[in-house]
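Here are the chains, one letter per residue:
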Number of protein chains: 2
Amino acid sequence: MNLRSPGPTPCPDDVLEAMGRQMIHHRSSAFAEVIGRVTDGLKTIFETKNDIFCLSASGTGALEAMVVNFLSRGDRILVVSIGVFGDRFATIAETFGAAVTKLDFEWGTAADPRAVEDSVREGGPYKAVLVTHNETSTGITNDLEAIAAAARRAQPGVLLLVDAISSLGSIHCPVDEWDIDVIATGSQKGWMVPPGLAMIAIGERGWHAQAESDMPSFYFDLAKAKDFLAKGQTPWTPAISIFFALDVALSHLVKEGPAGIAERHQRIADMTREGVKSIGLELLADEQHASNTVTAVRVPDGVDWKVLYQMLQDDYDTLIEGGQGPLAGKIFRIGHLGFVTEDDITKTLDVLKQALPRVGYQLPEAATTR
Amino acid sequence: MNLRSPGPTPCPDDVLEAMGRQMIHHRSSAFAEVIGRVTDGLKTIFETKNDIFCLSASGTGALEAMVVNFLSRGDRILVVSIGVFGDRFATIAETFGAAVTKLDFEWGTAADPRAVEDSVREGGPYKAVLVTHNETSTGITNDLEAIAAAARRAQPGVLLLVDAISSLGSIHCPVDEWDIDVIATGSQKGWMVPPGLAMIAIGERGWHAQAESDMPSFYFDLAKAKDFLAKGQTPWTPAISIFFALDVALSHLVKEGPAGIAERHQRIADMTREGVKSIGLELLADEQHASNTVTAVRVPDGVDWKVLYQMLQDDYDTLIEGGQGPLAGKIFRIGHLGFVTEDDITKTLDVLKQALPRVGYQLPEAATTR
């Protein structure tokens, strides 16, 4: 299967082999070695000296962990949203009792740092600004560096909580240089590992907020995670196999380094965007902010996405994801993060060239004669 | 490694092989097939027609899910505790705002159903009774059938929330016959699967309570889990590999059937208890309620558990777990659930016979001459 979803992503053979290792005990020195090495590796790729924890949960669990650990009931916060996952971050914060002000941007566009600055200046002070680095639902990467700086210009010391689930480990995101207080990602994205772990980094401002938070938390209590990591453990039984897999994946990623990882994703993303345009398809994203992990493409007029989606799987062994929420049926999304090569993208584009004419789309002449 | 912990437990080869399978998409028909088969298999082993969901979390996540879905803030509840995990259940309920009355029994003994009945009659009415079926920390199995009946005699319709994390899939526990409203277990126990999934069954009374609960929940929101399972999906990206593994493990367990599984665990547990006593060691548990998944053994006078624990790993490639909380250093615990044979227990007992004399314990004559 050519799995071209923005997560879960395919895993390399040695990562899958690690998934199949026999169990060890999670309070043994053998596990302490693994979690120690994993934590160090993550710090290298996050480019941070902050604490990092691996939660046995999906990325949404990490979003909830950010809300319940760092906010208090009634806290006024600003949530910057450009799609499904920004909206989800806001919903979680509301669910747990934060007073949410939302700053929405049109889906398919990036957040304007100046608008963030104005919002914080006019509506603030806020306890925190919540923002999505890479919006998986629209294929847009926010300019996190500029947004963080803008928020801090308007209100120095405001807490920044960042959903980097589909960017960290793929897209340039130096956590300390950009002074991000709390940031999270998920194992099934650029990390080339199956889903089941969410990784979260916490800086000093974050710990201050954590100490004063009055939201209820137990499973996701990061103070407990800190106490246990000091012993090379997690508070609750962790997803051990996924630690094994992440350990192996990180050995490759650390060797490549953050700059190499970002360049590789840039190269593959450029190739994907060019390829999509060469067959006459239209990108959803404003290209200046098009994501290097996922490309959102408008479904051409007259094409039934559900038919195409099924045909790609049944006849071409290829899975591409559709749109979410209001974009369902209107876009499809090609994932190109983690364990993906130029060949995989070429194959995907070739498959699209074969399938699209079968669902009523006429390829541009240049594409058919290629 | 002879991993004789009460979880994580060793996994069969074909289960580990399934862990190493390449990713599929969690919103594809391929995943829908897996989750459908897994859910059906779980219903067979739980002996229930109730809804069952697999949460990507550890068992503690399932305890939190039970609290935040079925209780409301200020609800008066009774928590029956006989050890660490009963206490944890109470702490979680308190954390999220329930008004907890605790009914404690001495660690190493079982809860007395008559005392539960009296407590509900005298202290009630309660919204719910929370109880641990098998207390992993002391190796005691509560008489859940009698406790459930006692609670219902005192207050018909009281909600029963049961932590069966280390019993379901190992110890006789027919959910519908005993009329248990909500019950949860974890993949790394008798299920012979790595940690990362918690499985929870919910009956009609549970759904009524779920609809009226005012505790905040998002990641663990079971109404969302229900909506998505109807489509063969989970609300958030699930730990796909562990679904693959559970699917394979269930194919064995369903073939064996609940009665066969319970008998197998009874046989191995009897052998463990007899073996431990034959080398002169003392069981913590009142034998009438000794668990068929984990045997708690008193550390003999003069023996330093930490030294023995390390020696067993370093020199005998065997891991046995120590005590938790106030029992740390005072007991050790031999797990015998899931993928375990008589040979594994014989090996464990032989290792103890070799190691114990090296840490100052004198074996009884009968044991040395054997």
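Criteria and cut-off values
- Residues numbered from 1 in each chain as written.
- Chains lettered and ligands numbered in written order.
- Predicted model: local features only at pLDDT ≥ 70, side-chain atom pairs only at ≥ 80, totals over all residues.
- Contact = placed C-beta atoms within 7 Å.
- Helix = DSSP H or I, 4+ residues; strand = E, 2+ residues; numbered from the N terminus.
- Nonpolar A, V, L, I, M, F, W, Y, C, P; charged D, E, K, R; others polar.
- Pairing = 2+ DSSP bridges.
- Axes fitted to C-alpha atoms, helices over the stretch in contact; angles between N-to-C directions.
- Buried ≥ 20, exposed ≤ 12 C-beta atoms within 10 Å, placed from the backbone.
- Least-squares fit on C-alpha atoms with pLDDT ≥ 70 in both.
- Domains from an automatic or database assignment.

Draft legend 1. Inspection of the interface of chain B and chain A at higher detail. Taken together, the contact pairs 44 residues of chain B with 44 residues of chain A. Mapped onto the side of chain B that touches chain A, the elements with two or more residues apiece are α1 (13-19), α3 (59-70), α4 (84-95) and α9 (240-278) of chain B. Per-element tally for the side of chain B that touches chain A: the top contributor is α3(B), with four residues. Grouping the constituent residues of the side of chain B that touches chain A by class yields 23 nonpolar, 19 polar and two charged.

Draft legend 2. Main features of the sheet that holds strand β4 (residues 99-104) of chain A. All names here are of chain A. If you walk across this open sheet you meet the seven strands as β2-β10-β9-β8-β5-β3-β4, and the pairing is mixed. Two strands lie at the open edges of the sheet, namely β2 (51-55) and β4, each paired on one side alone. In this sheet, adjacent strand axes meet at a mean angle of 20° when their direction is disregarded. Pairing analysis gives four bridges linking strand β3 (residues 76-81) to strand β5 (residues 128-132), with the strands arranged parallel. When the bridges of β5 are listed, Val-79 appears paired with Leu-130. Of the strands in this sheet, β2, β5, β8 (159-163), β9 (182-186) and β10 (198-202) touch helix α3 (residues 59-70), which is tilted by about 160° from β9.

Draft legend 3. Region of the structure containing the environment of A:Ser251. Residues and elements named next belong to chain A. With respect to the element layout, Ser-251 can be found in helix α9 (residues 240-278). Ser-251 gets classed as partly exposed once you count the C-beta atoms within 10 Å, which come to 13. Residues Ser-251 and Gly-41, 210 residues apart in the sequence, show an inter-C-alpha distance of 7.5 Å.

Draft legend 4. Seen up close, the relation of the copies chain B and chain A. For the pair chain B and chain A, the relating rotation is 180°, the translation along its axis is 0.0 Å, and the fit reaches an RMSD of 0.0 Å. Expressed as an axis order, the relation between the two copies is that of a two-fold axis. Residues of chain B ranked by C-alpha distance from the rotation axis are headed by B:Gly20, positioned 2.4 Å from it. An overlap of 100% is found between the interface residues of chain B and their copies at the interface of chain A, pointing to a shared contact surface.

Draft legend 5. Here's a closer look at unusual backbone geometry. In this structure, the amide linkage connecting A:Gly7 to the following residue, A:Pro8, adopts the cis form with an omega of 0°. Relative to the elements of secondary structure, A:Pro8 occurs in the loop between β1 (2-4) and α1 (13-19). For the bond from B:Gly124 to B:Pro125, the omega torsion is 0°, close enough to zero to count as cis. Within the secondary structure, B:Pro125 is located in the loop between α5 (113-123) and β5 (128-132).

Draft legend 6. How the structure looks around the domain arrangement of chain A. Residue and element names in this part refer to chain A. Per the domain assignment, the segments of chain A are domain 1 (14-249) and domain 2 (257-369). Computed over C-alpha atoms, the centres of domain 1 and domain 2 are 28 Å apart. On the domain 2 side, the residues contacting the 24 residues of domain 1 number 22 residues. Grouping the amino acids of the side of domain 1 that touches domain 2 by side-chain chemistry returns eight nonpolar, 14 polar and two charged.

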